[in-house]
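# Remarks on the overall topology
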Amino acid sequence: MSLIMSALSDRRRRLLQTVGFVVTMNVLGALPAVFVSTDTSWLEEPWFYPPGIAFPVAWTALFTLMGLSLSIVYNQGTDRPDVRLALATFAVQFALNLAWTPVFFGLRRPGLGLAVIVALLIAILGTIATVARVDGRAAALLVPYLGWVSFATILNYAVYIQ
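A short tour of the structure in this document, coming up. All values reported here derive from a predicted model rather than from experimental measurement.

Secondary structure summary: the protein contains six helices and zero strands in total. Helices and strands appear in the protein in the N-to-C order α-α-α-α-α-α. With respect to the principal axes defined by its C-alpha atoms, the protein has extents near 65 × 25 × 25 Å. Classification of the 162 residues of the protein by burial places 41% in the buried group. Of the contacts made within the protein by residues no fewer than 6 positions apart, 80% connect residues no fewer than 24 positions apart. Approximately 9000 Å² of the protein is accessible, and the part contributed by carbon and sulfur atoms is 70%.

If you want it as structure tokens, here you go:
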């Protein structure tokens, strides 16, 4: 009976930890948009610019997937060098992600935003590669993020050249 209770306790702990990662990713991910206006009236939107509602919906889903991925990696044990490397690359790409909104919208600098988002795209590829060494499922959860940021890079470029 003690073994069963211990297993249930471990599952509950991991579930709460996963929820914590998901909530934290969504809260931190939303902060730049809370503190920096994402008003687009200053830019000429390209013909393929999505409706405004697409952005919070997409980012909520993506930050949720990122939190799930992060939880899977973290639960493999931070004593492992591959886990530490995956967590470090994750932190780098997330920092770049957080930097983009203030650069693009806050500074209204699409060219500098393009530099940040290209660096972010490269960092996401590196993150997927390092996460895949830890857990393939966790890496697969980051693929939609790569897709969205790839689209955002094209969108950023289109704004930059107009």
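So, next bit.
Looking now at helix H3 (residues 81-106). The end-to-end C-alpha distance of H3 is 37 Å, a good match for the 38 Å that 26 residues give at a rise of 1.5 Å each. Considering bend angle alone, the principal kink of H3 is centred on alanine 99 and spans about 25 degrees; proline proline 102 follows within four residues of it. Inspection of H3 places Val83, Ala86, Thr89, Phe90, Gln93, Phe94, Asn97, Trp100, Thr101, Val103, Phe104 and Phe105 among the buried residues, and these make up the whole buried set. Looking one or two residues past H3, arginine 108 carries a phi angle of roughly 55 degrees, positive in sign.

There is a patch of nonpolar side chains on the surface, built from Leu15, Val19, Val23, Val27, Leu28, Leu31, Val34 and Phe35 and spanning about 750 Å² of accessible area. As for its position among the elements, leucine 28 is in helix H1 (residues 2-35).

Here we take up the packing of aromatic side chains. Throughout the structure, instances matching the rule amount to 14 aromatic pairs. For the ring pair phenylalanine 48 and phenylalanine 151, a centre distance of 6.0 Å and an interplane angle of 65 degrees mean the geometry is edge-to-face. Remark: phenylalanine 151 occurs in helix H6 (residues 143-161) and phenylalanine 48 occurs in the loop between H1 and helix H2 (54-74); sequence separation between them is 103 residues. With a relative accessible area of 22%, phenylalanine 48 lands in the partly exposed category. Residue classification places phenylalanine 151 among the partly exposed positions, given a relative accessible area of 26%. Ring geometry for phenylalanine 104 against phenylalanine 105: centres 4.9 Å apart, planes inclined by 80 degrees, an arrangement best described as edge-to-face. Exposure remark for phenylalanine 104: the relative accessible area of 4% places this residue in the buried category. On the accessibility criterion, phenylalanine 105 (10% relative accessible area) is buried. Among the aromatic side chains, those forming a connected cluster through ring pairs are Trp47, Phe48, Tyr49, Phe55, Trp148 and Phe151.

Position of threonine 40 among the secondary structure elements: in the loop between H1 and H2. Every residue in contact with threonine 40, bar those within four places of it in the chain, is listed here: Glu45, Tyr49 and Phe105.

Mapping phenylalanine 104 onto the fold places it in helix H3. Taking the C-alpha atoms as reference points, phenylalanine 104 and leucine 114, 10 residues apart in sequence, are found 8.1 Å from one another. The residues touching phenylalanine 104, leaving out its near neighbours within four places in the chain, are Trp42, Leu43, Arg109, Pro110, Asn156 and Val159.

The rules we used
- Residues numbered from 1 in each chain as written.
- Predicted model: local features only at pLDDT ≥ 70, side-chain atom pairs only at ≥ 80, totals over all residues.
- Heavy atoms only, no water.
- Helix = DSSP H or I, 4+ residues; strand = E, 2+ residues; numbered from the N terminus.
- Buried < 20%, exposed > 50% of the residue type's maximum accessible area, 1.4 Å probe, protein only.
- Contact = heavy atoms within 4.5 Å.
- Areas by Shrake-Rupley, 256 points an atom, 1.4 Å probe, with all protein chains shown as cover.
- Expected span 1.5 Å × (residues − 1).
- Bend = angle between axes of the 7 residues up to and from the residue.
- Patch = residues over 30% accessible without salt bridge, like charges linked within 9 Å, V, L, I, M, F, W, Y side chains within 5 Å.
- Salt bridge = Lys/Arg side-chain N within 4 Å of Asp/Glu carboxyl O.
- Phe/Tyr/Trp six-rings, centres within 6.5 Å; stacked < 30°, edge-to-face > 60°.

The analysis is restricted to geometry; functional conclusions fall outside its scope.
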